[in-house]
Amino acid sequence: MSKLAAEIAKISVCSGIMLRHVLQRLNETGSGLLIHVDEDERFLQTITDGDVRRMLISGASLDTALDHVRKTPSITGPADMSDDAALELMDRHTIDHLPLLDDDGRTTKVLFRRHLSGRIFLSTPHMGDEELQFVQEAFASNWIAPLGPNVDAFETEIAAATGIGHAAALSSGTAAIHLALILLGVSRGDRVLCSSLTFAASANPIVYQGAEPIFIDSERRSWNMCPDALVRALDECKREGKLPKAVIIVDLYGQPADYDRLLPICDHYGIPVIEDAAESLGSKLNGKACGSFGTIGIFSFNGNKIITTSGGGMLVAQDPTLVRRARKLATQAREDVAWYEHIELGFNYRMSNVLAGIGRGQLARLDERVAARRAVFRRYREALTDEESIRWMPELVESQSNRWLTAATLDDELDPSQIIADLARVDIEARHLWKPMHQQPFYSGARFFTASGNRDVAGDLFSSGLCLPSGSNMTESQVDRVADALRRAINRARSNRRAAQP
Ligand SMILES: *Cc1c(COP(=O)(O)O)cnc(C)c1O
């Protein structure tokens, strides 16, 4: 007997068996699945723990023989079915296993979802050909420790790629925001305005400095900081006689904020801007690179970002004195003398030469990665054009988003939690949008400004939105699988809702 045949025999049961023994067999085999066959070993049905439970609930007892219980129709495929087609069938029926039958109706193989490497992640690292070469150079020259030629080159290359004067390679995007605040003189008791709809790392460094974060709502047209809400906040701060020391503006999911409107407002009040471009390296507004709009810009190279150094960040600025000072503070604020001399408080925030090597290899492919993520977005949009309950994250006409994550909102009648859970059932990782900072328990005491009244755009986006898998290494068939699964999840949610209505 072949190994495959032996495995099938191990999980096969015939009609005379009592449910008690069916449960025992399920327990022993640990596969979660038995195959019910007739005396000629022809396939009758699959049986799972859940099936036995339903048989018992509908009146069978542990001593009932299997052939006295009504059979449930099982999904099967032909013996020569491809893995892709099998996955598609499993997705369609939300099942995790699929028996393949030959022409005589005998089981030749049982496919399990977990063996088909079907999991699709939100955003995974995408390595090119050059990263290892730069890392190897670091090893060969023993430049492992902090700093070295890869760090210098990575800084120069980021500055060149974004057209921003100068760059300091750091250990994370969060560290870059922290240093940016210090460079702008933010300290205890100061106010800093910050986009509310963002990752906590945008705002936490404000608290590191003992300053007070004040959150600003989003606008619908870019999902980013709302200029009208910003004006309200600044007017109010002015009236209170305490203007903020800085404004942190986030470019969400790769979409540049509306700097044409935001910057003149900040200029009018003389407040410097920190552009949190952690998610938007490679994006542009009016042909200018994201990261270049503030007095200081920051990027992140965390594992899920558009390019990665496994962990890392960059602080960029037009003004070389700011960047020089960032490098110094990031290196324990060591003074330029022969011994360890410290006049001010420093940090250990520099990027290592090994990781900068990964970054150089990644950066060489940035244009391709942006094109790939935009292609993922386009394919979703085309595959789901007729799905009216989906509204894709907008793109300002004067901008080009890197579409780091494909994000969308759903009609009010659909609950993103349910859709995300449904996608997880078929091994697809989708996520909620960032939960806005003004709704986070940690920031419950913080002030929050909307454009008018109690309209809460960021909150509405959060409660109706989701992000889909968007990695630059996704195949077209993976994007199609997600689109199909999303369509089914939406239809299921709709029909459940209708069924629940009186
Ligand atoms: C990822 C991210 C950060 C933080 O970057 P790290 O490198 O993970 O510290 C900051 N802001 C936003 C908007 C991010 O998405």
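Our structure's up above, just so we're on the same page.
Residues numbered from 1 in each chain as written. Predicted model: local features only at pLDDT ≥ 70, side-chain atom pairs only at ≥ 80, totals over all residues. Heavy atoms only, no water.

What is the right way to read the site of the ligand from this model?
Inspection of the region around the ligand gives 15 residues, with Gly-173, Thr-174, Glu-279, Ser-300 and Lys-305 positioned closest. In the model, a nitrogen atom of the ligand is placed 2.8 Å from a nitrogen or oxygen of the Asp-276 side chain. In this structure, an oxygen atom belonging to the ligand sits 3.1 Å away from a side-chain N or O atom of Lys-305. Starting from 380 Å² of accessible surface for the ligand in isolation, the protein chains cover 94%. When grouped by side-chain class, the residues that make up the shell around the ligand number four nonpolar, eight polar and three charged. (Near = heavy atom within 4 Å. Polar contact = N/O pair within 3.5 Å; in protein donor to acceptor, adjacent residues only side chain to side chain. Areas by Shrake-Rupley, 256 points an atom, 1.4 Å probe, with all protein chains shown as cover. Nonpolar A, V, L, I, M, F, W, Y, C, P; charged D, E, K, R; others polar.)

Explain the packing of helix 5 (residues 131-140) against helix 12 (residues 353-363) here, please?
For any two helices packed against each other, one specifies the inter-axial angle together with the distance between the axes. Axis separation between helix 5 and helix 12 bottoms out at 7 Å; the angle between their running directions is 155°. The angle between helix 5 and helix 12 falls in the class roughly antiparallel. Judged by the sense of rotation from one axis to the other, the crossing of helix 5 with helix 12 is right-handed. Of helix 12, the residues touching helix 5 (which contributes Glu-131, Phe-134, Val-135, Ala-138 and Phe-139) are Asn-353, Val-354, Gly-357, Ile-358, Arg-360, Gly-361 and Gln-362. (Axes fitted to C-alpha atoms, helices over the stretch in contact; angles between N-to-C directions. Helix = DSSP H or I, 4+ residues; strand = E, 2+ residues; numbered from the N terminus. Parallel < 35°, antiparallel > 145°, perpendicular 65-115°, else oblique. Left-handed = near helix turned anticlockwise from the far one by under 90°. Contact = heavy atoms within 4.5 Å.)

I would appreciate a short explanation of the layout of surface pockets in the present structure.
Rolled over the atoms, a probe as big as a water molecule pinpoints where empty space is left. By volume, the largest pocket amounts to about 300 Å³. As for the largest pocket, its lining consists of 16 residues, of which Glu-7, Ile-11, Val-110, Phe-112 and His-115 are closest to the centre. Those elements that place two or more of their residues in the lining of the largest pocket are helix 1 (3-10) and strand 6 (107-112). Examining the composition of the lining of the largest pocket, we find that five residues originate from one element, strand 6, more than from any other. (1 Å grid on protein atoms, 1.4 Å probe; cavity = no way out; pocket = protein on both sides within 12 Å on 5 of 7 lines; lining within 4 Å. Points joined across faces, edges and corners; volume = space filled by probe spheres on them.)

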